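Coordinate inspection notes
What follows is each chain in one-letter form.
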There are 6 protein chains.
Amino acid sequence: MRIDGRSSCDLREARITRNYIKHAEGAVLIEMGDTRVICTATVEERVPAFKKGMGEGWVTAEYSMLPRATKLRNHRDISKLKINGRSQEIQRLIGRTLRTVVDFKLLGEREIVIDCDVIQADGGTRTAAITGAFVALVDACRYLMEKGLIERIPITDFVAAVSVGIVDGQEMLDLCYLEDSNADVDMNVVMTGRGEFIEIQATGEKAAFSKRQMDLLIGLAEEGIANLINIQKNVLGAL
Amino acid sequence: MRIDGRSSCDLREARITRNYIKHAEGAVLIEMGDTRVICTATVEERVPAFKKGMGEGWVTAEYSMLPRATKLRNHRDISKLKINGRSQEIQRLIGRTLRTVVDFKLLGEREIVIDCDVIQADGGTRTAAITGAFVALVDACRYLMEKGLIERIPITDFVAAVSVGIVDGQEMLDLCYLEDSNADVDMNVVMTGRGEFIEIQATGEKAAFSKRQMDLLIGLAEEGIANLINIQKNVLGAL
Amino acid sequence: MRIDGRSSCDLREARITRNYIKHAEGAVLIEMGDTRVICTATVEERVPAFKKGMGEGWVTAEYSMLPRATKLRNHRDISKLKINGRSQEIQRLIGRTLRTVVDFKLLGEREIVIDCDVIQADGGTRTAAITGAFVALVDACRYLMEKGLIERIPITDFVAAVSVGIVDGQEMLDLCYLEDSNADVDMNVVMTGRGEFIEIQATGEKAAFSKRQMDLLIGLAEEGIANLINIQKNVLGAL
Amino acid sequence: MRIDGRSSCDLREARITRNYIKHAEGAVLIEMGDTRVICTATVEERVPAFKKGMGEGWVTAEYSMLPRATKLRNHRDISKLKINGRSQEIQRLIGRTLRTVVDFKLLGEREIVIDCDVIQADGGTRTAAITGAFVALVDACRYLMEKGLIERIPITDFVAAVSVGIVDGQEMLDLCYLEDSNADVDMNVVMTGRGEFIEIQATGEKAAFSKRQMDLLIGLAEEGIANLINIQKNVLGAL
Amino acid sequence: MRIDGRSSCDLREARITRNYIKHAEGAVLIEMGDTRVICTATVEERVPAFKKGMGEGWVTAEYSMLPRATKLRNHRDISKLKINGRSQEIQRLIGRTLRTVVDFKLLGEREIVIDCDVIQADGGTRTAAITGAFVALVDACRYLMEKGLIERIPITDFVAAVSVGIVDGQEMLDLCYLEDSNADVDMNVVMTGRGEFIEIQATGEKAAFSKRQMDLLIGLAEEGIANLINIQKNVLGAL
Amino acid sequence: MRIDGRSSCDLREARITRNYIKHAEGAVLIEMGDTRVICTATVEERVPAFKKGMGEGWVTAEYSMLPRATKLRNHRDISKLKINGRSQEIQRLIGRTLRTVVDFKLLGEREIVIDCDVIQADGGTRTAAITGAFVALVDACRYLMEKGLIERIPITDFVAAVSVGIVDGQEMLDLCYLEDSNADVDMNVVMTGRGEFIEIQATGEKAAFSKRQMDLLIGLAEEGIANLINIQKNVLGAL
């Protein structure tokens, strides 16, 4: 039994609310237990310099936390004039994994900018951000369809993510903050609707780990992600 | 009749939700129509250098918008390495006006940091931030009382704020974004529970204004702020 | 009697020197007692991005202090990599108030950049900057006329500013630094030659204030500004 | 046969030169084929704020490339005032993985700063940096031993890293730049001398991947890292 | 005959005004023809970290130009977040040359900060800044004497500087901007009251130069600096 | 006899290795005793804004040190968000002196960017950088010739540089770090193959100096630079 009463292969309560911000083309609030992230998708009718004139689109992401999303207050990046290293790593991950399922030819020469802002953090913010951002991305594409700017939804598959880890010698799915901060091994897994992997990041925070432990963790993640993709399908319908 | 059906002296629907973020000592969501601002209050057991060793506390504020709080996406400050001039002006205003009602001797040598983050903007974000931040500030003081760190709530009066302006020749209370962007004159007013002024900022955006127009606007603001302070009293009880 | 012997409704000695810097299109030294500000106006044959192609001009302002303009030395902004919050607020005010009296169609697609650099500070630097900058702005427009680049001076009215405040319970005009730092209430007022208001910023630094006190202060400001506009007219002649 | 004539399970020629810079406590040049990285280890007799007074040490890392380490010249970070996101991610990885094998109690309250500077890049710079930095770290610890500042080498195991990937449907060890830029899947693996994992980062750059593909890649990495640790043992002797 | 009527060995009209800013311990306006620089000296009762606890003082300098000190407006450093390379070079020169004549033991553990701000530039701003800053430095030392904080003026000799150059094949003293921008060779010379050199910077801007040309330029500089030191002596009296 | 056994007019062992980095158009390792600098030359098919459309090229330089090039570790510029003042001064010197021997018309509208990165510092890094960068610059021009992009090598003369100084009353050539840090007078000299001067920077670090001392130092430098240009000619052949 885990500190919040879950079994080792249980997700926390997951909820996805669409149209959370009225101004954005896609705007999702995702809640995984006490972790809450606002994910918006903005359509910009221009592409980065390295994509100009190629007739193709791009997807990029930014990630940040409100100062009191965490137990101790974090300084805003601007007060130090430096983007937080962890945030930069996470936003690179979000952008990279979403791009894997976008058909840039179909999207056309425009960019979709994903903003993931953590309102309240309780572990698993990066994976929640990916799962929520995918829904916002689809909504932004539907907005483009409705406007007649694209002909088909340029998304080739679902994408969701979850964290797994080893705490007190036990493999567990979807760690909350207390579990995460005590984990010996911590793994973030991103998968597609077809059950393939897009990204696996396994880190021995306090101890090295074996191949067998890794395989157990991947097994837990596969189950969890399948459930999350079902939730995405429930709120989105077919692509 | 205004674009959203209000009369010229009507506030938008105002709602204040306490304990909105579980980590913060004070955490409020304030909604004024479609304007939504998260206001947190953080207790820090240290004071800025200029206050050190004086046995007195301090209150400071930061204000920011999520990138898609607005119709067009705003770049994050960190991507330009410059804090937005408007944000800086607003956070100075929030801190200054709240400090007017804090007894720093009673607060003791500690700082309360107010964070106002606009989730969705539809006009009047700075005044909503002040009205909401006041409630978060009181909650942080109550947290200090419960912990036995202070003996009395070091707040000497209520504080709330509202915007007023002249649109199409008509004085109006609590402008929404569409009204605000068409206003000839724009005024932000901050008042205490005793009905005195802490700050008045009147700007002739498109036209100069007369003393008479200003007096009419101040009258509207007095009414609106009295209502907002009633809402604060409803959610907070007596100080 | 005030610390420098003035009565409550006296301005300090005010002097405006044109052509103070040989390189600038408009270049004014304004002295209000011991406060000395250099205001230059630079014509740039381009406009900011948001004005491009509209056939209209723009006016913007920057404000800064020399490190020893004040009693204690201030660090230069560049040494902290952050523009001083107070400076940013002031330069936004200067730009905003001057723009109110400029006919941007007549100015044509060019920008006038105002630089206000405080050489010596003794209270009222922001209002002195506005009063001096207006004269530099007119001189830059006359330069454009002489060059045959515009047909008429695109300035619709005079603009000047002054500070007023309540010190030891007494309303006073044009506070020097010592008065300003002891003021309970501090107000900056910007008016036109026609006697209308462009901006009023009233702040209860140490105490809230009543409507009656505000009205008294505005009365003092009206008088003071009328005198300053007379001085502007003496050095400039008719517009 | 690969573009440089290797078989799929061959490392490039690997060479580690100790004492490469005369000033540093540890200073290594590591060459993996045409990839060349200078790794220095600096002993600093202080620890970061969060470690102060705990009687424990810390290890941190910085990673950078010379502007012409790559085919196209890269701007220096300072010219953009932003640390490159990729560099920041890599230096976090280097620090994290080295810390796993350091006994901070034995190290005592001091910090070892690792600097990895890429002189010439041809793929696999981050894994080469880890493999070389480990040797520099050991040399810095030996310097502390010789100075009598520590009693035992505070390193609990060897650490080395390698990249693997899938190129044209073929799993390969130790990708050079041309292979890396064509890879469908790219994986960086960090392991200990005992054959356990510290970090696995698998990314589907162009395509998602299956569990089976991942297992094949991990198998290749295990072999390659065992060889690299042998080279470390040859240049360092027993710990 | 030069463009402004001078012979090749004439200085421009040089004027030094003391007590130019009322707040600073030393405050000089130096004018060399149309070049005008404000030089202030600030006493700070602390020293940089590398001097702490040594019982010795330090002198440092900062140099900047107002945006319209020049024909074309310069952006402020803060708007680019980068200190201008030329300014940085000049302020290093000013600090270094002044330090050569300061007895840091006599000064005691305190710092004198020199600020040189160019109000109007017409060539030779760096050498004017040195000549003026020396006077401000002495005034700050006299302030320390009057306060009883030091026993003797810790200045060992006079220091002044001048530019020389070759324009149209002719060696010239004290170049104005027009001459400077056409010079083939440009040299800045800093000397003491005893006639020795502290710094010589000779640059072949458009052409290399011979030893003989250099010797001629140094001869001109010696004469010019002797005159400037006489002016310093006239305004300061004996040290 | 000097600390490393040289006589006062001896250079340290000087070695220039071409093609040191495979990616760069020119890439040199220069070693002067224990001072080692990598100098690369990059051809960019664009020029700075102020050169656009003039049919002429440009040469610019950047200079930096690895953190452990020196006895104590230096922070990277990016960690302070400020370019080191000394580095900025040096890179301006390198660019300026190289430009003196480039025929920009012959080079055509393109820029050559020189990067000088100090791997190990032992005095004289700036002069070594100039001597090495000249060779890299020529190699980049030869690359342009081979590509058929220019018709003649646009270099009008050789350029090399050396430091000289007065240590313990003795004039010396090519100071190592220990000598340099004890020098009373320090001079950097840049000369052409024809024996003319491009730049002379003489600084009285601890004492003022006489004309006679300066002449002795220049004599030493002339000899040293003639030797360095011979080494350049040996590795490069005729221009």
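Every residue gets a number counted from 1 within its own chain, in the order that chain's sequence is written. To label them, take the chains in the order written and letter them from A, then take the ligands in the order written and number them from 1. Given that the model is predicted, a residue must reach a pLDDT of at least 70 before its local features are reported, and side-chain atom pairs must reach 80 or more before they are shown or counted; all residues, however, enter totals for whole chains, interfaces and linings. Side-chain measures here rest on the full set of heavy atoms in the structure, leaving out hydrogens and waters.

- In the nomenclature of an unreviewed UniProt entry, chain A is known as Ribonuclease PH of Anaerobacterium chartisolvens.
- UniProt positions are given in the numbering used here, feature names are shortened, and annotations may be inferred rather than shown by experiment. Entered under Sequence similarities (unreviewed entry) in the UniProt record, the comment concerning chain A runs "Belongs to the RNase PH family."

**Topic: the confidence of the model for chain A**
- As a per-residue measure, pLDDT reflects the predictor's confidence and takes values from 0 up to 100. Per-residue confidence for chain A gives a mean pLDDT of 97; residues scoring 70 or more make up 100%.
- This complex was scored by the predictor with a pTM of 0.96 and an ipTM of 0.96.

**Concerning the nonpolar core**
- Side-chain atoms within 4.5 Å are what join buried Ala, Val, Leu, Ile, Met, Phe, Trp, Tyr and Cys residues into a set we call a nonpolar core. Exposure categories follow from relative accessible area, calculated using a 1.4 Å probe and restricted to protein chains: below 20% of the type maximum is buried, above 50% is exposed, and the middle band is partly exposed. Core analysis: the largest hydrophobic core is formed by 140 residues, its most contacted members being Ile112 of chain A together with Ile112 of chain D.
- Residues contacting Ile112 of chain A, with those up to four places away along its chain left out, are Ala41, Thr42, Val43, Trp58, Val59, Thr60, Leu107, Leu137, Ala140, Cys141 and Leu144 of chain A. Two residues form a contact once any of their heavy atoms are found within 4.5 Å.

**What about the sheet that holds strand β1 (residues 14-17) of chain B?**
Residue and element names in this part refer to chain B.
- Here, strands pair whenever DSSP counts at least two bridges between them. Numbering of helices and strands runs from the N terminus; a helix is a DSSP stretch of H or I covering at least four residues, while a strand is a stretch of E covering at least two. Strand order in the open sheet made by the five strands is β1-β2-β3-β5-β4, with mixed pairing throughout. This sheet does not close on itself; its edge strands, each paired only once, are β1 and β4 (58-65). Averaged over all neighbouring strand pairs, the angle between strand axes comes to 15°, with direction disregarded.
- Summarising the sheet, strand β3 (residues 35-44) and strand β5 (residues 111-120) pair through nine bridges and their orientation is antiparallel. Along β5, the bridge assignment pairs Ala41 with Ile114.
- Sheet strands touched by helix α2 (residues 85-99): β4 and β5. Its angle to β4, the strand with the most contacts, is close to 150°.
- Only the stretch in contact is used when a helix axis is fitted, and all axes are lines through C-alpha atoms; the angle between N-to-C directions ranges over 0 to 180 degrees. Contacting β1 and β2 (26-32), helix α6 (residues 211-236) runs over the sheet at an angle of about 30° to β1.

**So, the pairing of strand β8 (residues 183-192) of chain A**
Residue and element names in this part refer to chain A.
- A large share of β8 lies buried, amounting to nine of its ten residues.
- Taken together, the nine bridges between strand β6 (residues 159-167) and β8 define a ladder with antiparallel strand orientation. Paired with Val164 across the two strands is Met187, which belongs to β8.
- Here β8 folds back onto strand β9 (residues 197-204), and the loop between the two strands holds four residues, one of which, Gly195, carries a positive phi near 85°.

**A few points about the relation of the copies chain A and chain B**
- In the superposition of chain A on chain B (RMSD 0.0 Å, axial shift 0.0 Å), the rotation amounts to 180°. The operation mapping one copy onto its partner corresponds to a two-fold rotation axis. If distances are taken from each C-alpha of chain A to the rotation axis, the shortest is found for Ile78 of chain A, at 2.5 Å.
- Mapped onto chain B, 100% of the interface residues of chain A are again interface residues, and the two copies thus contact each other with one and the same surface. Superposition of the copies used a least-squares fit over C-alpha atoms from residues whose pLDDT is at least 70 in both.

**Some points on the UniProt feature "domain: Exoribonuclease phosphorolytic" (unreviewed entry) in chain A**
Residue and element names in this part refer to chain A.
- If you check UniProt for "domain: Exoribonuclease phosphorolytic" (unreviewed entry), the listed places come out as residues 11-140 and 157-223 in our numbering.
- Between the end C-alpha atoms of residues 11-140 there is a gap of 27 Å, over a span that is 30% helix and 30% strand.
- Between the end C-alpha atoms of residues 157-223 there is a gap of 17 Å, over a span that is 28% helix and 46% strand.

**Observations concerning the interface of chain A and chain B**
- Facing the 36 residues of chain A at the interface are 36 residues of chain B.
- Summing the contributions of chain A and of chain B, the shared interface buries around 3,000 Å²; its carbon and sulfur component is 48%.
- Definition used for salt bridges: Asp or Glu carboxyl oxygen within 4 Å of a side-chain nitrogen of Lys or Arg. Seen at the junction of chain A and chain B, the total is 16 salt bridges.
- For Arg76 of chain A, the salt bridge goes to Glu62 of chain B, with nearest N and O atoms at 2.8 Å.
- A 3.5 Å cut-off defines polar contacts: any pair of N or O atoms within that distance qualifies, except that in protein one atom must be a possible hydrogen donor and the other a possible acceptor, and neighbouring residues in sequence count only when both atoms are side-chain atoms. Linking chain A with chain B are 27 residue pairs in polar contact (both at pLDDT 80 or more), by the criterion used here.
- Here the residues of the side of chain A that touches chain B sort into 15 nonpolar, six polar and 15 charged. When two components associate, each loses some accessible surface as probed by a 1.4 Å sphere; the sum of these losses over both components is called the buried area. All amino acids are sorted into three groups, where Ala, Val, Leu, Ile, Met, Phe, Trp, Tyr, Cys and Pro are nonpolar, Asp, Glu, Lys and Arg are charged, and the leftover types, Gly among them, are polar.

**Section: the packing of aromatic side chains**
- Working definition: rings of Phe, Tyr and Trp (its six-membered ring) pair if their centres are within 6.5 Å, and the pair is stacked with planes under 30 degrees apart, edge-to-face with planes over 60 apart, and tilted otherwise. Tallied over the full model, the rule gives 24 aromatic pairs over all chains.
- Centroid distance Phe50 of chain F to Trp58 of chain F: 5.0 Å. Interplanar angle 90°. Geometry classified as edge-to-face.
- Judged by its relative accessible area of 17%, Trp58 of chain F falls in the buried class.
- Lying over the aromatic face of Tyr20 of chain C, Arg36 of chain E brings its terminal NZ or CZ to 4.9 Å of the ring centre. For a lysine, the NZ atom is tested; for an arginine, the CZ atom; a charge sits over a ring if that atom is within 6 Å of the ring centre and within 35 degrees of the ring normal.

**A look at the packing of helix α2 (residues 85-99) of chain C against helix α4 (residues 125-146) of chain C**
Residues and elements named next belong to chain C.
- At their nearest, the axes of α2 and α4 sit 10 Å apart, and the two run at 40° to each other. The orientation of α2 relative to α4 falls into the category oblique. Crossing handedness for the pair α2 and α4: right-handed. Here Arg86, Glu89, Ile90, Leu93, Ile94, Thr97 and Leu98 of α2 come into contact with α4, specifically with Thr125, Arg126, Ala129, Ile130, Ala133, Phe134 and Leu137. An angle below 35 degrees is read as roughly parallel, one above 145 as roughly antiparallel, one from 65 to 115 as roughly perpendicular, and any other as oblique. Note on convention: the crossing is left-handed when the near helix lies turned anticlockwise from the far helix by less than a right angle, right-handed when the turn is clockwise.

**Some words on the UniProt feature "binding site: phosphate" (unreviewed entry) in chain A**
Residue and element names in this part refer to chain A.
- With numbering matched to this structure, UniProt assigns "binding site: phosphate" (unreviewed entry) to Arg86, Gly124, Thr125 and Arg126. In three dimensions, the annotated residues from a span of 41 residues occupy one location, with a maximal C-alpha spread of 13.2 Å.
- Inspection of the secondary structure assignment puts Gly124 in the loop between β5 (111-120) and α4 (125-146).
- Among the residues examined, Arg126 registers a relative accessible area of 17% and is labelled buried.
- Those residues within four positions of Arg126 in sequence are excluded, and the remaining contacts are Arg86, Glu89, Ile90, Leu93, Asn188 and Gln201.

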